[in-house]
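Per-entry structural report
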Amino acid sequence: MSPLVARAMARKAQPAIQMQRRTFLDWMVNYPDKINELKKVHQAGGRKIFTWQKQPTDKISTGIALALVGLGTVQLVPGMYRLATGTGKMD
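The structure displayed is predicted, hence computed values, not measured ones.

**Topic: the overall build of the protein**
Within the protein one finds 4 helices and 0 strands. Within the protein, buried positions represent 3% of all 91 residues. Carbon and sulfur atoms form 64% of the exposed surface of the protein, whose accessible area is close to 8,900 Å².

The following block contains the structure:
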């Protein structure tokens, strides 16, 4: 490759290397820092309140989790009873 062609190709390639546009990543790079706010929430109340119950939405997610565990238990107990006694078989 001749030096003239190499220089011309380098000029064309240079602006593409120097320009960096983050169109869809700007929101991630410039995301506001909320660590101090979350830290204050988790340190409030001391040890009286569990960590997983300190945020406003934690009560909802805890309730959903307990409801699912309760539903599973309600369905598990009769199933275990039927297995132990041999009742409820399909003929």
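Further notes follow.
**Side note on the confidence of the model for the protein**
On average, the protein scores 81 in pLDDT, and the residues at 70 or more come to 88%. Mean pLDDT across the elements of the protein bottoms out in helix α1 (residues 3–18) (69) and peaks in helix α4 (residues 58–85) (94).

**Here's the deal with the side chain of D58**
Topologically, D58 is positioned in helix α4. Apart from residues no more than four positions distant in its own chain, D58 is found in contact with T51, W52 and Q53.

Rules used throughout
- Residues numbered from 1 in each chain as written.
- Predicted model: local features only at pLDDT ≥ 70, side-chain atom pairs only at ≥ 80, totals over all residues.
- Heavy atoms only, no water.
- Helix = DSSP H or I, 4+ residues; strand = E, 2+ residues; numbered from the N terminus.
- Buried < 20%, exposed > 50% of the residue type's maximum accessible area, 1.4 Å probe, protein only.
- Areas by Shrake-Rupley, 256 points an atom, 1.4 Å probe, with all protein chains shown as cover.
- pLDDT = per-residue confidence, 0-100.
- Contact = heavy atoms within 4.5 Å.

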